[in-house]
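The primary structure of each chain is shown beneath.
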Amino acid sequence: MKISCIIVEDEPLAQERAKDYVNKIPFLELLGVFDNALEALGFLKKTTVDLLFLDINLGNFSGIQLLENTTITSQVIFTTAYQEYALKGYELQVADYLLKPYTFERFVQAVSRVQELVGNKQESLTNQKKFIFVKTEYRLEKINLEEIIYIEGMDDYRQIHTTTKKIMTLQTFTDLEKEIPSNIVCRVHKSYMVAIGHIESIEKDRIKIGNKLIPISDSYRKDFFDLIK
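Quick look at the structure, then. (Residues numbered from 1 in each chain as written. Predicted model: local features only at pLDDT ≥ 70, side-chain atom pairs only at ≥ 80, totals over all residues. Heavy atoms only, no water.)

Brief notes about the overall build of the chain
Then, in step 1: Counting its regular elements, the chain contains seven helices and 15 strands.
Then, in step 2: Taken along its principal axes, the extent of the C-alpha atoms in the chain is 65 × 35 × 30 Å.
Then, in step 3: Here the chain holds 229 residues, and the buried ones make up 42% of them.
Then, in step 4: The contacts of the chain with a sequence gap of at least 6 include a subset with a gap of at least 24, amounting to 50%.
Then, in step 5: Carbon and sulfur atoms form 49% of the exposed surface of the chain, whose accessible area is close to 13,200 Å².
Then, in step 6: Taken together, the 29 basic and 33 acidic charged side chains of the chain have centroids lying 5 Å from each other. (Helix = DSSP H or I, 4+ residues; strand = E, 2+ residues; numbered from the N terminus. Buried < 20%, exposed > 50% of the residue type's maximum accessible area, 1.4 Å probe, protein only. Contact = heavy atoms within 4.5 Å. Areas by Shrake-Rupley, 256 points an atom, 1.4 Å probe, with all protein chains shown as cover. Lys, Arg positive; Asp, Glu negative; His and termini not counted. Charge placed at Lys NZ, Arg CZ, Asp CG, Glu CD.)

So, the sheet that holds strand S15 (residues 212-215)
Then, in step 1: Taken in spatial order, the three strands line up as S13-S14-S15 in an open sheet, and their pairing is antiparallel. The open sheet terminates on both sides in strands that have one partner only, identified here as strand S13 (201-203) and S15. Along the sheet, successive strands turn relative to each other by an average axial angle of 25°, direction set aside. (Pairing = 2+ DSSP bridges. Axes fitted to C-alpha atoms, helices over the stretch in contact; angles between N-to-C directions.)

What to know about the side chain of His189
Then, in step 1: When you line up the elements, His189 lands in strand S11 (residues 185-189).
Then, in step 2: There is a polar contact of 3.0 Å between the side chain of His189 and the backbone nitrogen of Ser191.
Then, in step 3: Once you skip the residues sitting within four places of it in the chain, His189 turns out to touch Pro215, Ser217 and Tyr220. (Polar contact = N/O pair within 3.5 Å; in protein donor to acceptor, adjacent residues only side chain to side chain.)

Digging into the pairing of strand S2 (residues 28-34)
Then, in step 1: By the bridge criterion, six bridges tie strand S1 (residues 3-8) to S2 in an arrangement that is parallel. Its bridge partner being in S2, Ile6 is matched across the sheet by Gly32.
Then, in step 2: Note that the unit made of S1, helix H1 (residues 12-24) and S2 has a crossover that is right-handed. (Right-handed = clockwise from strand over helix to strand, strands pointing away.)

Put into structure tokens, the structure is as follows:
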């Protein structure tokens, strides 16, 4: 299993050390090296990456600010000369914290932990439920979970919007939440569930999916943002 990664580091010597260490690990695939967080963020918006080697002090926009103000789904290993940020790294749920100058042995320990985390995630996705059946009219309709875009409450009915069709059902949101894993489709409002993979953008309290703007209510805000982080 290959683990794709990027290095975000503004010190030339530290960059070279990280690149050298990455190249020695057969399962790591280096996709890019960046000397500032904003360029790295631009890359991440276009490319899926399993792992970030992220320096903390990066000038005007730090590694901590990158994680606090953007949605990063990759595993993160902090690389820094300052041990006082260790608690912050724990709060941000980074995979590991490498204190410069770190040894190759310590580097191997950190990436081995990430390899285990990524492997567990992929195994979980492989074993995940792929479809459900919902009651509509006088039949049970099969719906592939990856095709669901969002689910909307309409009086006594729920309308399931998918990439291929719209389905009306009397099944409640509670019923649907029990059947669909929340990391695929989650509740964000008393009248809406959204498919995480189809979200285009999030601005304040609204989710954009295609031409639809879906509100995020106070009751579901924390769970939703915890989930996408």
